[in-house]
Amino acid sequence: MIEVHHIDKSYGSLTVLKDINWQVRRGQFWGVIGPNGSGKSTLISLLSGVEKPNRGQIKLGGRRISEYKRKELSRKLAVLQQDGLPPVAYPVREVIEMGRFPFQNWRGRENSEAARQLMDEIMAKLELNELASRPLHVLSGGQRQRVALGKVMAQQPEIVLLDEPTTYLDIRHQVQFMELVAGWQREAGLTVISVMHDLNLAALYCDQLLVLHQGRVVAEGTPEQIINSEMIESVFHVKSHIVTHPDQGEPQLLLRKTDRANVK
Ligand SMILES: Nc1ncnc2c1ncn2[C@@H]1O[C@H](COP(=O)(O)OP(=O)(O)OP(=O)(O)O)[C@@H](O)[C@H]1O
């Protein structure tokens, strides 16, 4: 689905990504993890075609990303940032309908019963009906992020790129957001790539992890293969205990206080 071949990316003299090679298969849920400044958001910008690599190439469905026209790319791929939508005055349902732009004609119209039905389904699934006519700028950050997810769902992409999508959400809404994305992935065979800071959430929801450190891929594989206290210490410089989640057996991280870290 996505092939990344020998990517380098620099800003001026600063090399941000070095020789990135990565293959993403259809229907996978990847988490991209790594410390601040390791190049995660830059990788998302390259995958979305917003930024161009200095070396190497990215292919989507066998074609170079640079060969796609904007609307064509929007039907394939959608992006959701951590503060998904600005607090504008448009009402919720209208904002979600804006996600249909790749399917609208030159007058911004799409008169199909199927599209209206899709809107109704998304509004119901995301529990947005009560908010349908409220303007975006009066909503809380968490509600706005749900609307942002609705807008990318309306786009019906094959791939969704999420850049720290749960940063501003409380734990209930973090879990709700990840459940919605995971449900969408299962139902639609969606491919998901999500930058994640919360490693426990990443281990619960992602089936593959890519670890970036100083612009390089230092590990990739399932959470079980990747998350161990040695990797956490070498990449994030913190001491941790890794425990097994009692429900499904995923690795979960317990942080250790620095002054206790050497007490066995
Ligand atoms: N447009 C830009 N111009 C110059 N430098 C940039 C630009 N975008 C990113 N960088 C630099 O590239 C490096 C990687 O940034 P990036 O945002 O990709 O990291 P990140 O892993 O997403 O970090 P964080 O976890 O803090 O969000 C940083 O040193 C950053 O300052």
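Residues numbered from 1 in each chain as written. Predicted model: local features only at pLDDT ≥ 70, side-chain atom pairs only at ≥ 80, totals over all residues.

Under an unreviewed UniProt entry, the name given to the protein is ABC transporter ATP-binding protein, and the organism recorded is Paenibacillus aceti.

One open sheet holds the four strands; their spatial order is 2-1-4-5, and the pairing between them is antiparallel. Two strands lie at the open edges of the sheet, namely strand 2 (14–24) and strand 5 (63–64), each paired on one side alone. (Pairing = 2+ DSSP bridges. Helix = DSSP H or I, 4+ residues; strand = E, 2+ residues; numbered from the N terminus.)

You will see that Q156, though not glycine, has its phi angle at about 45°, which is positive. Positionally, Q156 belongs in the loop between helix 5 (141–154) and strand 7 (159–163). With 17 C-beta atoms packed within 10 Å, Q156 lands in the partly exposed category. Even without a glycine there, the phi angle at E164 is positive, about 50°. One can find E164 in the loop between strand 7 and helix 6 (171–188). Taking the C-beta count within 10 Å as the criterion, E164 has 19 such neighbours and is therefore assigned partly exposed. (Buried ≥ 20, exposed ≤ 12 C-beta atoms within 10 Å, placed from the backbone.)

Now for helix 1 (residues 40–47). Of all eight residues in helix 1, six are buried, a share of seventy percent or more. Just beyond helix 1, the residue with positive phi is G49, at close to 85°.

Another aspect to go through is the site of the ligand. In the vicinity of the ligand, the contacting residues are Y11, L14, V16, G34, N36, G37, S38, G39, K40, S41 and T42. For the shell around the ligand, the leading source of residues is helix 1, giving three residues. In terms of residue class, the shell around the ligand is made up of three nonpolar, seven polar and one charged. (Near = placed C-beta within 6 Å. Nonpolar A, V, L, I, M, F, W, Y, C, P; charged D, E, K, R; others polar.)

We now examine the sheet that holds strand 7. If you walk across this open sheet you meet the six strands as 6-7-8-3-9-10, and the pairing is mixed. Only two strands of the sheet have a single partner each, and these edge strands are strand 6 (77–80) and strand 10 (216–221). When the angles between neighbouring strand axes are averaged without regard to direction, this sheet yields 15°. For strand 6 and strand 7, the ladder comprises four bridges, and the chain directions are parallel. (Axes fitted to C-alpha atoms, helices over the stretch in contact; angles between N-to-C directions.)

This paragraph deals with the nonpolar core. One finds V160 and L161 to be the most contacted residues of the largest nonpolar core, which totals 64 residues. Take this core: its biggest share by element is six residues, from helix 5. (Core = buried A, V, L, I, M, F, W, Y, C linked by C-beta atoms within 7 Å.)

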